[in-house]
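Now for the letters of each chain:
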Amino acid sequence: MSAEYATLRSKAQLACESRITKLLFSAAKQITQAAGKYRRGNVLSNEQALLREAQTITSRLADGIERQIQDYAVAATTHLNVSSEGVESFLTSEYYGKTSAQRTAIYLHNFAEDIVRMSKAGIMMGYTDTQLLSSVRTGYKNPYLASVITKARTKDISIATPSYGKGIFHSAFQNITRNARQMVAVAWGIAEQQYGKEHGAIAFRVFRGSSYLCPICDDETTYIHHFGDPYPPFHLNCRCVVKFIYNEEKDE
């Protein structure tokens, strides 16, 4: 293979994230607008009702997000002219304990909570509807560091920061897009391995595709890999390149 493939893999990840970002902002906007129905001056009169409505809004995104993941994942098989069966099986299988769809559903539930908390903070500080929408627009990707929540806390308005355990971001947006990028990246690796096997490769070497210091990738470049060994991407932003070995003496 070549550095071009690693570049295309990264582009597919970013394009998938961009499409999903548009879906998430649309939902955030709808939730913010819905908050006006529960506003009584500077009070959010029925937070639980708003949360239920918000979760209904975000749940509608689940199929669309998974469709984006599938489209950009399967693009690897189209590029390599190999069957999509292996990639499609991966996309519906458990990966680190859950399927992609299960993770997306959980994170969308959390995303609704994030936007409700932002809305609550803005309402309690007396933001107009326009100000509230503006604050959500600029902060929905990382709500607990957004000004609407940090300012609320300085005024002793209690807005809780969720904790989901080790390795899971506070921001649901970050969790949703990370999952999408990860699934797309691994799918491209699966397709690449399939291509190598179908063309007679017996092993492969890994080469750094980035100058960024990374001990994980550095370790993987030190030996000849066989199928079943770790395969790029070795982490979410991996740029490593594979060169297949077709016999014991020659690689290409």
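Residues numbered from 1 in each chain as written. Predicted model: local features only at pLDDT ≥ 70, side-chain atom pairs only at ≥ 80, totals over all residues. Heavy atoms only, no water.

A. Highlighting the confidence of the model for the chain. Confidence in the prediction for the chain averages 93 pLDDT; 98% of positions are at 70 or higher. Of all helices and strands in the chain, the one with the weakest mean pLDDT is helix 9 (residues 215-220) (92), whereas helix 3 (residues 62-80) scores best (98). (pLDDT = per-residue confidence, 0-100. Helix = DSSP H or I, 4+ residues; strand = E, 2+ residues; numbered from the N terminus.)

B. Region of interest: the packing of helix 3 against helix 8 (residues 172-198). Where helix 3 meets helix 8, the axes come as close as 9 Å, and the angle between the chain directions of the two elements is 20°. One way to sum up the angle between helix 3 and helix 8 is to call them roughly parallel. Like other packed secondary-structure pairs, helix 3 and helix 8 cross with a definite hand, here right-handed. Across the interface between the two elements, Ile65, Ile69, Tyr72, Ala73, Ala75, Ala76, Thr77 and Leu80 from helix 3 touch Ile176, Asn179, Ala180, Met183, Val184, Ala187, Trp188, Ala191, Glu192 and Tyr195 from helix 8. Taken together, the residues of the contact of helix 3 with helix 8 break down into 15 nonpolar, 2 polar and 1 charged. (Axes fitted to C-alpha atoms, helices over the stretch in contact; angles between N-to-C directions. Parallel < 35°, antiparallel > 145°, perpendicular 65-115°, else oblique. Left-handed = near helix turned anticlockwise from the far one by under 90°. Contact = heavy atoms within 4.5 Å. Nonpolar A, V, L, I, M, F, W, Y, C, P; charged D, E, K, R; others polar.)

C. Examining the pairing of strand 4 (residues 241-245) more closely. Burial runs high along strand 4: 4 of the 5 residues are buried. Taken together, the 5 bridges between strand 3 (residues 203-207) and strand 4 define a ladder with antiparallel strand orientation. The residue bridging Arg205 from the neighbouring strand is Lys243, located in strand 4. (Buried < 20%, exposed > 50% of the residue type's maximum accessible area, 1.4 Å probe, protein only. Pairing = 2+ DSSP bridges.)

D. Just helix 2 (residues 47-59), in detail. Counted at 1.5 Å a residue, the expected span for helix 2 with its 13 residues is 18 Å, and the 18 Å between its end C-alpha atoms agrees. Those residues of helix 2 hidden inside the fold are in contact with helix 1 (3-35), strand 2 (43-44), helix 3 and helix 5 (100-124). (Expected span 1.5 Å × (residues − 1).)

E. Fine view of the pattern of salt bridges. Using the criterion set out here, one finds 5 salt bridges in the structure. Here Arg39 makes a salt bridge to Asp129, at a shortest N to O gap of 3.5 Å. Of this pair, Arg39 sits in strand 1 (residues 39-40) while Asp129 sits in helix 6 (residues 129-139); the two residues are 90 residues apart in sequence, bridging distant segments of the chain. By relative accessible area, which is 18% here, Arg39 ends up buried. Taking relative accessible area as the criterion, Asp129 reaches 54% and is therefore assigned exposed. A salt bridge links Asp218 to Arg208; the shortest N-O distance between them is 2.7 Å. (Salt bridge = Lys/Arg side-chain N within 4 Å of Asp/Glu carboxyl O.)

F. Spotlight on the packing of aromatic side chains. According to the stated counting rule, one finds 9 aromatic pairs in the structure shown. Relative to Tyr95, the ring of Phe90 lies with its centre 5.3 Å away and its plane at 80°, an arrangement referred to as edge-to-face. The residues Phe90 and Tyr95 share a single accessibility class, namely buried. Residues Phe204 and Tyr231 carry aromatic rings whose centres are separated by 4.7 Å and whose planes lie at 65° to one another, so their mutual orientation is edge-to-face. Separated by 27 residues along the polypeptide, Phe204 in strand 3 and Tyr231 in the loop between helix 9 and strand 4 bring together distant segments of the chain. The exposure classification of Phe204 matches that of Tyr231, with both residues buried. In this structure an aromatic cluster arises from ring pairing among Phe204, Phe227, Tyr231, Phe244 and Tyr246. Sitting over the ring of Phe207, Lys243 keeps its end group 5.4 Å from the ring centre. (Phe/Tyr/Trp six-rings, centres within 6.5 Å; stacked < 30°, edge-to-face > 60°. Lys NZ or Arg CZ within 6 Å of the ring centre and 35° of its normal.)

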